[in-house]
Amino acid sequence: MTDISIDDQLGRIALLTRLWPWLFLLTLLTFFEIWAQIEVGRSFLFNAYNAQAILLAASAPLLLATGQTFVIITSGIDLSVGFVMGLAAVVVAQVTLLTGNTEIALLVGIAATLLVCAISGWISGTLVARLGVPAFIGTLGMYGVARGAGFLSAGSGMTVSIDNPGLVWLGTGWVPVIVTGLLLLIMHFVLSQTRFGQYTYAIGGNLQSAARAGIDVKRHLIKIYILSACFAGIGGIVYTARYAAGAANAGESMLLDSIAAVVIGGASLFGGTGNVIGTLIGALIIAVIQFGLIFIDVDAFWQFIAVGVVIILSVLIDQYKDKLVRAA
């Protein structure tokens with residue numbers, strides 16, 4: 001009876017550690033809702049403008065974080081996504097302008113952008129998988145390359161303005177949120193229901209065992225880094241659509257958010273665990289913190305402190321969860 005009781009208690013605690021991102025998001029929303037009702041007499045959560053602002057703020061970091069999820073599950077990390085996003089934002093604007101600035105030109109621009117991002121991801125993946133360069137160093141090198149290439153592509157200025165009807169539509173209203181949501185659903189299916197997802201978890205769980213099971217680990221890792229870079233590219237395209245300009249530093253501040261969203265969502269930096277839905281919750285937590293602090297008129301610099309504290313808390317909970325599993 002004692003053993004069963006202990007197991008039940010461990011099971012409940014382990015469940016709480018898995019559910020904590022959801023509970024934390026609910027706590028944040030409840031706090032800001034109560035504050036809004038008391039201080040301004042209107043709803044924080046049930047307000048179309050606030051909901052749209054939060055989801056739009058979460059969209060670009062979430063796109064980066066979706067690709068980052070796959071990388072982190074394999075126990076890697078992609079530090080290049082921020083400036084790959086910036087490079088993509090500039091490339092889609094420049095190519096669209098150079099090819100006539102029509103809707104067909106926009107399709108050419110998007111294709112060229114994804115190709116450039118795929119090449120950068122292939123280089124990062126090759127460095128990590130085939131040449132044995134640590135992911136931190138390999139993607140940090142690509143960080144610098146993409147940063148320089150983005151600013152060079154932008155020419156004399158840091159931004160490339162563009163006015164394209166198709167691009168304007170892509171960045172209007174709820175369209176970026178819908179695009180992000182559809183891509184998120186697709187990647188959730190890929191990670192949870194396909195062989196590609198199974199291989200990803202297997203490599204993160206035990207690379208040697210995955211190789212002995214017949215998985216082409218090097219080839220799969222290269223695909224993972226290409227995927228990550230392409231999602232950063234989509235983030236850059238959406239950024240250019242929203243602001244009618246491609247900026248080389250568009251994703252500079254989103255690197256931390258992309259990693260934070262994955263970790264807060266329950267993925268382990270040691271690999272083998274994580275999922276896209278958890279990453280969504282992590283991105284929403286960050287967006288709610290950022291928008292909520294502005295809403296209650298707190299200095300914007302506190303956002304960085306708040307997100308940093310949440311990241312530390314997430315890592316501590318992840319370590320505590322591992323101890324519980326071993327204890328059980």
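Quick note: structure is the one above.
Residues numbered from 1 in each chain as written. Predicted model: local features only at pLDDT ≥ 70, side-chain atom pairs only at ≥ 80, totals over all residues. Heavy atoms only, no water.

Draft legend 1. Here's a closer look at the nonpolar core. Ranked by size, the top nonpolar core spans 71 residues in total, and within it Phe44, Phe70 and Met85 carry the most contacts. Of all the elements, helix H12 (residues 276-295) adds the most residues to this core, at twelve residues. With 13 residues, the next largest nonpolar core counts Val92, Ala93, Ile162 and Val175 among its residues. (Core = buried A, V, L, I, M, F, W, Y, C linked by side-chain atoms within 4.5 Å. Buried < 20%, exposed > 50% of the residue type's maximum accessible area, 1.4 Å probe, protein only. Helix = DSSP H or I, 4+ residues; strand = E, 2+ residues; numbered from the N terminus.)

Draft legend 2. Main features of the state of the cysteines. All told, the structure shown has zero disulfides when counted by the stated rule. Cysteine cysteine 117 remains unbridged, with the sulfur of cysteine 230 as its closest cysteine sulfur at 6.2 Å. Assessed through its relative accessible area of 2%, cysteine 117 is described here as buried. In this structure cysteine 230 comes out as buried when scored by relative accessible area, which is 18%. (Disulfide = S-S within 2.5 Å.)

Draft legend 3. Broad picture of unusual backbone geometry. One non-glycine residue, asparagine 101, adopts positive backbone phi at about 55°. Mapping asparagine 101 onto the fold places it in the loop between helix H3 (81-98) and helix H4 (103-129). Looking at asparagine 101, the relative accessible area reads 24%, which means it is partly exposed. Phi is positive for alanine 244, which is not a glycine, with a value near 55°. Relative to the helices and strands, alanine 244 resides in the loop between helix H10 (217-243) and strand E2 (245-247). Under the relative-accessibility criterion, alanine 244 is labelled partly exposed at 34%.

Draft legend 4. Representation of the packing of helix H2 (residues 48-73) against H12. Relative to each other, H2 and H12 sit at 140°, their axes nearing to 8 Å. By the angle between their directions, the pair H2 and H12 is classed as oblique. The hand of the H2/H12 crossing is right-handed. The segment H2 lies against H12, with Tyr49, Asn50, Ala53, Ile54, Leu55, Ala57, Ala58, Leu62, Ala65, Thr66, Thr69 and Phe70 engaging Val276, Thr279, Leu280, Ala283, Leu284, Ala287, Val288, Phe291 and Phe295. Taken together, the residues that form the contact of H2 with H12 break down as 17 nonpolar, four polar and no charged. (Axes fitted to C-alpha atoms, helices over the stretch in contact; angles between N-to-C directions. Parallel < 35°, antiparallel > 145°, perpendicular 65-115°, else oblique. Left-handed = near helix turned anticlockwise from the far one by under 90°. Contact = heavy atoms within 4.5 Å. Nonpolar A, V, L, I, M, F, W, Y, C, P; charged D, E, K, R; others polar.)

Draft legend 5. Looking closely at the packing of aromatic side chains. Summed over all chains, the structure comprises eleven aromatic pairs. For the pair phenylalanine 32 and phenylalanine 44, a centre-to-centre distance of 5.3 Å together with 35° between the ring planes defines the contact as tilted. Of this pair, phenylalanine 32 sits in helix H1 (residues 2-39) while phenylalanine 44 sits in the loop between H1 and H2; the two residues are twelve residues apart in sequence, bridging distant segments of the chain. For the residue pair phenylalanine 32 and phenylalanine 44, the accessibility class agrees, reading buried in each case. With a centroid separation of 5.1 Å and an interplanar angle of 70°, the aromatic rings of phenylalanine 44 and phenylalanine 295 are classed as edge-to-face. Placement of phenylalanine 44 in the loop between H1 and H2 and of phenylalanine 295 in helix H12 is noted, with a sequence separation of 251 residues between them. (Phe/Tyr/Trp six-rings, centres within 6.5 Å; stacked < 30°, edge-to-face > 60°.)

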